[in-house]
Amino acid sequence: MKKQIIIILILIFYSCTNTIDLKGDWKATKLVIDNSREVDVPQFPITYFKDDNYIIYFESIYRYEIEKDSIAFYFGEEPDKLNYKMKIDIIDNNNIIFYYDRKVKDSTDRVKFIPYHSKWKRIE
């Protein structure tokens, strides 16, 4: 009986994982720079999640894969070549957040990584 309860609990937990169908059009609503400066409605192009795990992101076509809390973008022509990877937070069916670092050089040519995150809302 104990084993059956454990199996049932595992099945319930597995079925309650946070999954979402991302297909559709998404618009950026906020951009947060260095965890301090917030920009309302940045002038980002619309992002389109398509069938077969394809995405049009900043007017380029990629194939994407979601693994746990990350989303990986692969070049469409070269399906095994990773372009970049960022953390994704799925808030609900209509809101997601992308977390990433931006590489910049200062006046002394040292490289610095600045944390960014962008909030996206599904266009209905």
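Structure shown above.
Nothing here was measured: the structure is a model prediction, and the numbers come from that model.

Caption draft 1: View of the packing of aromatic side chains. Applying the stated criterion across every chain yields a total of 15 aromatic pairs. With 5.1 Å between their ring centres and 90 degrees between their planes, Phe-49 and Tyr-64 make a pair best called edge-to-face. Residue Phe-49 is located in strand S3 (residues 47-50), and its partner Tyr-64 is located in strand S5 (residues 60-67); the two are separated by 15 residues in the primary sequence. Here the two residues Phe-49 and Tyr-64 agree in accessibility, since each one is buried. Taken together, a centroid distance of 5.9 Å and an interplanar angle of 90 degrees make the contact between Tyr-57 and Phe-98 edge-to-face. Taken together, the positions of Tyr-57 in strand S4 (residues 54-57) and Phe-98 in strand S8 (residues 95-105) put the pair 41 residues apart, joining distant regions of the chain.

Caption draft 2: Molecular detail of the nonpolar core. Counting 16 residues, the largest nonpolar core has Phe-49, Tyr-57, Ile-71, Ile-96 and Phe-98 as the members making the most contacts within it. Among the elements of the structure, strand S1 (24-33), S4, S5, strand S6 (70-75), strand S7 (82-92) and S8 are those that each provide at least two residues to this core. The element that contributes the greatest number of residues to this core is S7, accounting for three residues. For Phe-98, the contacting residues outside a window of four places in its chain are Phe-49, Tyr-57, Ile-71, Met-86, Lys-87, Ile-88, Tyr-116, His-117, Ser-118 and Trp-120.

Caption draft 3: Quick peek at the pairing of strand S9 (residues 111-122). Sheet analysis places S1 next to S9, joined by seven bridges and oriented antiparallel. Bridged to Trp-26 within S9 is Arg-122. Turn length for the S8-S9 hairpin, with the two strands adjacent in sequence and antiparallel, is five residues, and the turn residue Asp-109 shows positive phi of about 65 degrees.

Caption draft 4: Broad picture of the environment of Phe-98. Overall, the relative accessible area of 0% leaves Phe-98 in the buried class. For the pair Phe-98 and Lys-85, spaced 13 residues apart in the sequence, the C-alpha separation amounts to 10.0 Å.

Caption draft 5: Representation of the pattern of salt bridges within the structure. Under the criterion given, the structure shown has six salt bridges. For Asp-51, the salt bridge goes to Lys-23, with nearest N and O atoms at 3.6 Å. Of this pair, Asp-51 sits in the loop between S3 and S4 while Lys-23 sits in the loop between helix H1 (2-15) and S1; the two residues are 28 residues apart in sequence, bridging distant segments of the chain. Among the charged side chains, a salt-bridge network with shared partners connects Lys-30, Glu-38 and Asp-40.

Rules used throughout
Residues numbered from 1 in each chain as written. Predicted model: local features only at pLDDT ≥ 70, side-chain atom pairs only at ≥ 80, totals over all residues. Heavy atoms only, no water. Phe/Tyr/Trp six-rings, centres within 6.5 Å; stacked < 30°, edge-to-face > 60°. Helix = DSSP H or I, 4+ residues; strand = E, 2+ residues; numbered from the N terminus. Buried < 20%, exposed > 50% of the residue type's maximum accessible area, 1.4 Å probe, protein only. Core = buried A, V, L, I, M, F, W, Y, C linked by side-chain atoms within 4.5 Å. Contact = heavy atoms within 4.5 Å. Pairing = 2+ DSSP bridges. Salt bridge = Lys/Arg side-chain N within 4 Å of Asp/Glu carboxyl O.

Just distances and angles here, no functional claims.
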